[in-house]
Amino acid sequence: MKNEESKTRSMDPVIKKCMKHLEIIGADDKTRQIVYMYMKTLEDKLTKMNEKELDHQSP
């Protein structure tokens, strides 16, 4: 539970909103876990792409 609370605090606002909507529609825990996994993977991928882009722009 404590780990889940710390994860929620550091969660991206878009992911947090998506998880809240899944809760509202009554998605089960497994569905929420799968959605979170894919959204987190996408977030990580975008972060890496942005970092790479910034590396190419700096002299």
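Coordinates for the structure precede this section.
Residues numbered from 1 in each chain as written. Predicted model: local features only at pLDDT ≥ 70, side-chain atom pairs only at ≥ 80, totals over all residues. Heavy atoms only, no water.

A. Inspection of the pattern of salt bridges at higher detail. One pass over the full model with this rule turns up four salt bridges. Between Lys 40 and Glu 43 there is a salt bridge; the shortest N-O distance is 2.9 Å. Of this pair, Lys 40 and Glu 43 are both found in helix α3 (residues 29–57), three residues apart, which corresponds to roughly one turn of the helix. Between Lys 40 and Asp 44 there is a salt bridge, and its shortest N-O distance comes to 3.7 Å. Note that Lys 40 and Asp 44 are positioned in helix α3 at a spacing of four residues, about one turn of the helix. In this structure Lys 40 comes out as partly exposed when scored by relative accessible area, which is 30%. Taking relative accessible area as the criterion, Asp 44 reaches 37% and is therefore assigned partly exposed. Salt bridges here are not isolated pairs; linked through shared partners, they connect Lys 40, Glu 43 and Asp 44. (Salt bridge = Lys/Arg side-chain N within 4 Å of Asp/Glu carboxyl O. Helix = DSSP H or I, 4+ residues; strand = E, 2+ residues; numbered from the N terminus. Buried < 20%, exposed > 50% of the residue type's maximum accessible area, 1.4 Å probe, protein only.)

B. Spatial organisation of the nonpolar core. One finds Met 11, Ile 15, Met 19, Leu 22, Ala 27 and Tyr 36 forming the largest nonpolar core, which totals six residues. In terms of residues, this core owes the most to one element, helix α2 (residues 13–24), which gives three residues. Ignoring any residue separated from it by four or fewer positions in sequence, one finds Ile 15 in contact with Tyr 36, Met 39, Lys 40 and Glu 43. (Core = buried A, V, L, I, M, F, W, Y, C linked by side-chain atoms within 4.5 Å. Contact = heavy atoms within 4.5 Å.)

Just distances and angles here, no functional claims.
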